[in-house]
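# Results of the structural survey
The residues making up each chain are set out below.
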Protein chains: 2
Amino acid sequence: MFQITSVNNPQVKKWKKLSLKKERVKQQSYLIEGFHLVEEALKYKKDALTNIIVREDLLEGEDFLNLNLDTDQIIVVSLNVAEEISKTQTNQGIFAELAITTNDFPKEIEGPILLLDAVQDPGNVGTMIRSADAAGFQGVFLGKGTVDLYNAKTLRSAQGSHFHLEIYEGELKDFIPAFKEEGYPVFGTALNEEAVSYKEVYVDTPFSLVVGNEGSGMNNEIVSMIDQNIFIPMIGQAESLNVAIAASILMFHFIQ
Amino acid sequence: MFQITSVNNPQVKKWKKLSLKKERVKQQSYLIEGFHLVEEALKYKKDALTNIIVREDLLEGEDFLNLNLDTDQIIVVSLNVAEEISKTQTNQGIFAELAITTNDFPKEIEGPILLLDAVQDPGNVGTMIRSADAAGFQGVFLGKGTVDLYNAKTLRSAQGSHFHLEIYEGELKDFIPAFKEEGYPVFGTALNEEAVSYKEVYVDTPFSLVVGNEGSGMNNEIVSMIDQNIFIPMIGQAESLNVAIAASILMFHFIQ
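As recorded in an unreviewed UniProt entry, chain A goes by the name RNA methyltransferase, TrmH family, listed as coming from Atopostipes suicloacalis DSM 15692. Under the heading Sequence similarities (unreviewed entry), UniProt records this for chain A: "Belongs to the class IV-like SAM-binding methyltransferase superfamily. RNA methyltransferase TrmH family."

## Topic: the interface of chain B and chain A
Every contact between the two is made by 32 residues of chain B and, on the other side, 32 residues of chain A. Both sides together, the interface formed by chain B and chain A hides about 2600 Å², and carbon and sulfur atoms give 59% of it. When residues of chain B are sorted by the area they lose upon contact with chain A, Arg130, Gln237 and Phe252 of chain B head the list and together hold 21% of the total. At the junction of chain B with chain A, the criterion picks out zero salt bridges. Summed over the shared surface of chain B and chain A, the number is 12 residue pairs in polar contact (both at pLDDT 80 or more). Counting residues per element, the ones that place at least two in the side of chain B that touches chain A are helix H3 (35–44), helix H6 (122–134) and helix H10 (243–254) of chain B. Residue classes in the side of chain B that touches chain A are distributed as 15 nonpolar, 12 polar and five charged.

## Examining the packing of aromatic side chains
Residues and elements named next belong to chain B. In this structure the tally under the stated criterion is 22 aromatic pairs over all chains. Between the aromatic rings of Tyr30 and Tyr150, the centroid separation amounts to 4.1 Å while the plane-to-plane angle is 45 degrees, which identifies the pairing as tilted. Taken as a pair, Tyr30 in strand S2 (residues 29–33) and Tyr150 in the loop between strand S7 (139–143) and helix H7 (152–158) lie far apart in primary sequence, 120 residues in all. For Tyr150, a relative accessible area of 5% translates into the label buried.

## Thoughts on the pattern of salt bridges
All names here are of chain A. Counted according to the given criterion, the structure contains 18 salt bridges over all chains. Across the pair Lys16 and Glu84 runs a salt bridge whose closest N-O atoms are separated by 3.7 Å. Of the two residues, Lys16 is situated in helix H1 (residues 10–17) and Glu84 in helix H5 (residues 79–85); the sequence distance between them amounts to 68 residues. Since its relative accessible area comes to 28%, Glu84 is described here as partly exposed. Here Lys180 makes a salt bridge to Asp227, at a shortest N to O gap of 3.5 Å. In this pair, Lys180 sits in helix H8 (residues 172–181) while Asp227 sits in the loop between helix H9 (220–223) and strand S12 (228–231), placing the two residues 47 residues apart along the sequence. Given the relative accessible area of 30%, Lys180 is considered partly exposed.

## Notes on the sheet that holds strand S6 (residues 113–116) of chain B
All names here are of chain B. Spatially, the seven strands line up as an open sheet ordered S8-S7-S6-S11-S9-S12-S10, and their pairing is parallel. Both outer strands of the open sheet, strand S8 (166–170) and strand S10 (196–197), are each paired with one neighbouring strand and no more. Docked against the sheet, helix H8 (residues 172–181) engages S6, S7, S8, strand S9 (186–188) and strand S11 (208–211), running at close to 155 degrees with respect to S6. Helix-sheet contacts for H10 involve S6, S9, S11 and strand S12 (228–231), and the interaxial angle to S11 is about 165 degrees.

## Overview of unusual backbone geometry
All names here are of chain B. Although it is not a glycine, Gln28 adopts a positive phi angle of roughly 50 degrees. Within the secondary structure layout, Gln28 lies in the loop between helix H2 (21–27) and S2. Its relative accessible area of 41% is what places Gln28 among the partly exposed residues. The backbone phi angle of Ala118 is positive, close to 55 degrees, even though this residue is not glycine. Within the secondary structure layout, Ala118 lies in the loop between S6 and H6.

## A word on the packing of helix H10 (residues 243–254) of chain A against H10 of chain B
A packed helix pair is summarised by two numbers, namely the angle formed by the two axes and the spacing between the axes. Two numbers describe how H10 of chain A lies on H10 of chain B: the axes approach to 9 Å, and their chain directions differ by 55 degrees. The pairing of H10 of chain A with H10 of chain B is recorded here as oblique in orientation. Along this stretch, H10 of chain A crosses H10 of chain B, giving a crossing that reads as right-handed. Contacts from Ala244, Ile245, Ser248, Ile249 and Phe252 of chain A of H10 of chain A reach H10 of chain B at Ala244, Ile245, Ser248, Ile249 and Phe252 of chain B. Its residues assigned to classes, the contact of H10 of chain A with H10 of chain B shows eight nonpolar, two polar and no charged.

## What about the environment of Leu165 of chain B?
Residues and elements named next belong to chain B. As for its placement among the helices and strands, Leu165 is situated in the loop between H7 and S8. On the accessibility criterion, Leu165 (9% relative accessible area) is buried. In sequence terms Leu165 and Lys144 are 21 residues apart; their C-alpha atoms lie 19 Å from each other. Setting aside residues no more than four positions away along its own chain, Leu165 makes contact with Ile129, Ala132, Asp133, Phe137, Gln138, Gly139 and Val140.

## Some points on the sheet that holds strand S10 (residues 196–197) of chain A
All names here are of chain A. If you trace the seven strands from one edge of the open sheet to the other, you get S8-S7-S6-S11-S9-S12-S10, paired in parallel fashion. Where the open sheet ends on each side, the last strands, each with one partner, are strand S8 (166–170) and S10. Both S10 and S12 contribute to a ladder of two bridges, which runs parallel. Directly across from Val196, in S12, lies its bridge partner Ile230.

## Section: the side chain of Asp148 of chain B
All names here are of chain B. As for its placement among the helices and strands, Asp148 is situated in the loop between S7 and H7. Polar side-chain contacts of Asp148 include one of 2.7 Å to the side chain of Arg24. Once you skip the residues sitting within four places of it in the chain, Asp148 turns out to touch Lys21, Arg24, Thr154 and Glu169.

## A closer look at the relation of the copies chain B and chain A
You can overlay chain B on chain A at an RMSD of 0.0 Å; the transform is a turn of 180 degrees with a shift of 0.0 Å along its axis. One copy is carried onto the other by what is essentially a two-fold rotation axis. Of the interface residues in chain B, 100% have counterparts in chain A that sit at the interface too, so the contact is made through matching surfaces.

Each value, and the rule that gives it
Residues numbered from 1 in each chain as written. Chains lettered and ligands numbered in written order. Predicted model: local features only at pLDDT ≥ 70, side-chain atom pairs only at ≥ 80, totals over all residues. Heavy atoms only, no water. UniProt positions renumbered as here; feature names shortened; annotations may be inferred. Contact = heavy atoms within 4.5 Å. Buried area = accessible area lost by both parts, 1.4 Å probe. Salt bridge = Lys/Arg side-chain N within 4 Å of Asp/Glu carboxyl O. Polar contact = N/O pair within 3.5 Å; in protein donor to acceptor, adjacent residues only side chain to side chain. Helix = DSSP H or I, 4+ residues; strand = E, 2+ residues; numbered from the N terminus. Nonpolar A, V, L, I, M, F, W, Y, C, P; charged D, E, K, R; others polar. Phe/Tyr/Trp six-rings, centres within 6.5 Å; stacked < 30°, edge-to-face > 60°. Buried < 20%, exposed > 50% of the residue type's maximum accessible area, 1.4 Å probe, protein only. Pairing = 2+ DSSP bridges. Axes fitted to C-alpha atoms, helices over the stretch in contact; angles between N-to-C directions. Parallel < 35°, antiparallel > 145°, perpendicular 65-115°, else oblique. Left-handed = near helix turned anticlockwise from the far one by under 90°. Least-squares fit on C-alpha atoms with pLDDT ≥ 70 in both.

Rendered as structure tokens:
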């Protein structure tokens, strides 16, 4: 059982730096925290797990013992170290470090894919990954300008769903033409003249669905690649729906 | 044109205190900030507007001039006063104070109502108000234990939709029996044996839909009052949907 009690330990400094995207890219690694996420990682992404970090006061607790870990699998840390590496106000005392496993493109198209065009709020992105998981999507593509998956807030909102489906990262303008060559449709959410109500659109093959930035919507270049834009008719006086809400309504409509 | 340049001005202190619920209750007043919310308030809630507060550097700007306000309607404040009363990192320099106008019960039932049972995240509550507005709901009932509507984060997520529909506040266990006496159904989202897929349920009268707390779901006492519990079938491995997502999928399903 390896123990770390000083916040000046070089390993602690490395973990702490993982809150920055550029350090995550450099180390090819990220941290998760809390029992739910660590349990999901143990269940679905064990190969990528490099360290499990446990606060010393937890070792005898039921929640920890239920994880059934060998003591040589874990690094025990003091309370101040746990606080140093945590991104929450009151940490649960359990963390894990994982290798980054984001893909470029899907190897094979087997189901629907959600494409995010410069979505900026980590809560929105995490929530859409969770909804895409619940809707049985094959994956979520984080287009350029979209907030990082491994941001602590994105991971928290995703609730472990990023372990359940594939996450791709890259340029939508490269992915969309390649996807269309497979013969599957790409739906967008730009409100132009050709857009039709989502209730008029059904699909029984794999497809892609693009949602855009919270303020400015989809990029024009991406709009020009769309087969069919769709919208959600609104009755009240709201000008728009939250992007994660709109994406989820559409995803659950299409899988009906 | 009234001007305030000191953060020690008693009016500034009163505004600053409005970030606390107990002060909002005492003063029966709340603050909004940003151009979008102030515009919506001018459009839909002019009667409740008591003060419009403008940062001095904005007076010649296009955004401000487009509001077409008389100078005797506004209070001009210095940059440090604007910063003092703002709840955002970079404020837009425009604020308004409004009288609290939450209702107890609807006077008449004219459309669907969303009932929130101890929903705690202000982003979730604000987003559900926005979705309920877009779905043409009559109102949203904030049951006991639900985060305050006038919390800055709730208001920001609601994007002005709380001006468009009715907001009620009180005990769901008092409201639900009264609502049922009108002969309309109450749907819940408790996952019990009687629960059926939402796809099997259609309704062409007013109705209520209850969603529960993010962690613990609906209160047992409320569950016992429900006519029909419904769920959203999930395909992937996510354990649940975010509450605002689930509520929005259900609201848009019912209004089809």
